[in-house]
2 protein chains.
Amino acid sequence: MPGPLSAFLDQNGLDSFLYVGESYSDADMYYLSRFLAGDRFALLAGEKTTLLVSSMELGRARKESAAHRVLSTSEFHITDKLKSSKRPDEAYALVLAEFLGRCSVKRLGVPYNFPAGIYRSLEQDFSVKILGSPIARQREIKRPEEIEAIALTQRAGERAMKKAIRLIASSEARGEMLSRGGEPLTSERVRRAIELSLLEDGCEAVDTIVAGGEQAADPHARGVGPLPANAPIVIDIFPRSKSSRYFADMTRTVLKGEASSEVVELYRTVEAAQEAGLQAVREGATGSEVHRRVSDVFQEQGYPEREGCGFTHSTGHGVGLEVHERPSLGEAGASLKSGQVVTVEPGLYYPDLGGVRLEDLVVVEKDRCRNLTRLQRKLVV
Amino acid sequence: MPGPLSAFLDQNGLDSFLYVGESYSDADMYYLSRFLAGDRFALLAGEKTTLLVSSMELGRARKESAAHRVLSTSEFHITDKLKSSKRPDEAYALVLAEFLGRCSVKRLGVPYNFPAGIYRSLEQDFSVKILGSPIARQREIKRPEEIEAIALTQRAGERAMKKAIRLIASSEARGEMLSRGGEPLTSERVRRAIELSLLEDGCEAVDTIVAGGEQAADPHARGVGPLPANAPIVIDIFPRSKSSRYFADMTRTVLKGEASSEVVELYRTVEAAQEAGLQAVREGATGSEVHRRVSDVFQEQGYPEREGCGFTHSTGHGVGLEVHERPSLGEAGASLKSGQVVTVEPGLYYPDLGGVRLEDLVVVEKDRCRNLTRLQRKLVV
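A brief structural summary. (Residues numbered from 1 in each chain as written. Chains lettered and ligands numbered in written order. Predicted model: local features only at pLDDT ≥ 70, side-chain atom pairs only at ≥ 80, totals over all residues.)

## Focus: the overall build of chain A
Under the convention used in this document: To qualify as a helix, a DSSP run of H or I must reach at least 4 residues; to qualify as a strand, a run of E must reach at least 2; elements of each kind are numbered from the N terminus. The burial criterion counts other C-beta atoms lying within 10 Å of a residue's C-beta, which is placed from the backbone; the residue is buried at 20 or more, exposed at 12 or fewer, and partly exposed between these limits. We call two residues in contact when the distance between their C-beta atoms, placed using the backbone, is within 7 Å.
Across its full length, chain A holds 11 helices and 21 strands. With the C-alpha coordinates aligned to their principal axes, the bounding extent of chain A is approximately 70 × 45 × 35 Å. The burial tally for chain A puts 53% of its 381 residues in the buried class. Across chain A, the fraction of contacts at a sequence separation of at least 24, relative to all contacts at a separation of at least 6, is 61%.

Structural data, given as structure tokens:
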């Protein structure tokens, strides 16, 4: 049993910790099992890791998962229970109770996001505590091989970013819009180039942002339609490796054509804020300190946040098996620890100027941060 | 308010139904909001649909979602609460309680998979019932535009399937393995061709199966390494459209080289079982009846299920915003209704022969089913 989990169980007087879900979206379950499944399964983490899967998944789970033991719901007569229960969820809860009995579990912990319906059923026969998942904390600190996996994903993201930037650089201004090969250069076309590049590298692009002009003033808009000339285009790529399952995250802002002095100033300020943020990241510094350093630069340079404009989001977030995970580099961010992987991504957003965001991905180390991002920053391409 | 939801709330004495999660994995939330977000948000379904999102998502949610109203967690001072709470989840539950107060909700329903931690917090101030999501039931019956979206995704899957089959057909047997252009033809290479084709069509391939020989005898093995000659290769493609978010699902089994009489017989039997299943699907037939018809063919033809071999899974499942959703065509399958979209996918699996599975996607209609799959079946290519 991993040390931290063992201590956690002891401390809370638990036999085991139970997860129920699917490991495409539940990163804790994937972290513990290394078993990727889109259908619901149960994972019992204690002295051993035990999985409960459907009979259809039994063979694959035994082959692919890192669990010590894999049991099947058909051992607990799921089909009979489905026939005699009013709802499939009831049948599943009955199977789960028998499974826990078989594993000699009486006192169990479940995570905050555990299904409420199953919680209520299990409560009748077991002592159940709802607790923060011990694994989410464990996952914050990346092992060297996890950092390597994240860095590899970032390399794939950088190759895709370069292709996107090259596409924009090789376009030409036709009036207020960019054009290439006689056709408008659209967000969709650039995004497609990014997605193809990521696929070639064995990654999936989840929700790539290629947004120019006014659209870029909304930090989460994906971007649609023709891209503007002479205005910043924000490209935010957060790919996930299909093999390792680890994410990376990076943003660049580029402009094709003539940059106004206001836009150049906006870009320089974001650059300076990012530098201040990168300087501040180290073990022991708090996420809120890093965020304040970045905010201070904006404040000092005359870009205060107001009415939904300016620097409207936090400075960064952890990246791993989830694209947004702990820790936070925001107002409530706690002390940073060596081995955490975080983004540093200040941005400024104004409807009249558009948006500028720059994002690198770094590892927290003892006296500094180590940047996993190699791609340079450059506004005009 | 949609009719079925309104009736459901009345019947259960509820003001509203509350969802908390993210709409990449929670299909009900996407169905109701048409707002795609990877970060947690709340959706309150009642007379109106109201979203609670982070301030960062506010602009996008207001633009993109179909909700009547969008509020932001910063209106409820999430940052202050994060600072004063022990855990982020506690702070979120406090925000949620204020949000519900603002929406004048007192008696609320939550789905079975609602986060247990939030359920426990809300229970203190509200009357909370855990119920099967009314939307999951509503989602079973597809509107014409949903069927159209699924059919379009199936077209993309078929184009990818054709490319995969062409790749295998144009390979040659080198000893026991397939080879193409002087290199072994691997599961990975065929899968890559499928993924590229799907990407070109604006789809993502979630976990495409290309498995030959012994690997195909495990119905969920994805397949790795060189593909065998003279043995069945199972190709199961379940793409999702990135724009509509609807899945499709289809399986073909092909063989390059010489098919033994046992394999030909296996294939013919699965074909016959699939025909029997397709004939049985219509409004009013139960999923378990359809499944029994298919099982009977296997039984009659001398392929009983035993020791994890034979027909080891159910006949089919619903497909929509989830790749596996209700209804089930299995032992506990209930009455089918017009407008449901289901797979019919019998298969036979034996370690010595390999696996054969054939899967079409059909719409349940009054007196028959309508097949959304156009691609023919053919073993030897």
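Moving on, there is more to tell.
## Looking at the sheet that holds strand β2 (residues 41–45) of chain A
Residue and element names in this part refer to chain A. We count it as follows: The rule for pairing is simple: two strands pair if DSSP sees at least two bridges between them. In this description, a line fitted to the C-alpha atoms serves as the axis of each element, helices being fitted only across the stretch in contact, and the angle between N-to-C directions of two axes falls anywhere from 0 to 180 degrees.
Pairing within the open sheet is mixed, and its six strands lie in the order β4-β3-β2-β1-β5-β6. Two strands lie at the open edges of the sheet, namely β4 (69–72) and β6 (127–131), each paired on one side alone. Taking the axes of each pair of neighbouring strands and ignoring which way they run, one obtains an average angle of 25 degrees across the sheet. Inspection of the sheet shows strand β5 (residues 107–111) paired to β6 by five bridges, in the parallel sense.

## Points about the relation of the copies chain B and chain A
The condition that has to hold: The least-squares superposition of copies is restricted to C-alpha atoms, and to residues with a pLDDT of at least 70 in both copies.
At an RMSD of 0.0 Å, chain B and chain A line up after a rotation of 180 degrees and a shift of 0.0 Å along the axis. Both copies are brought into coincidence by an operation consistent with a two-fold rotation axis. Looking at the rotation axis and the C-alpha trace of chain B, the residue lying nearest is A116 of chain B, at 2.1 Å. Looking at chain B, 100% of its interface residues are interface residues in chain A too, so the copies touch through the same face.

## Let's talk about the interface of chain B and chain A
For clarity, the threshold we go by: Just so you know the grouping, Ala, Val, Leu, Ile, Met, Phe, Trp, Tyr, Cys and Pro go in nonpolar, Asp, Glu, Lys and Arg go in charged, and all remaining residues, Gly too, go in polar.
Between chain B and chain A, the contact holds 40 residues from the first and 40 residues from the second. Secondary structure elements with two or more residues in the side of chain B that touches chain A: α3 (55–64), α4 (78–84), α6 (116–123) and α9 (187–200) of chain B. Per element, the largest residue contribution to the side of chain B that touches chain A is five residues, and it comes from α3 of chain B. Here the side of chain B that touches chain A is composed, by residue class, of 16 nonpolar, 12 polar and 12 charged.

Shape descriptors only; they carry no functional weight alone.
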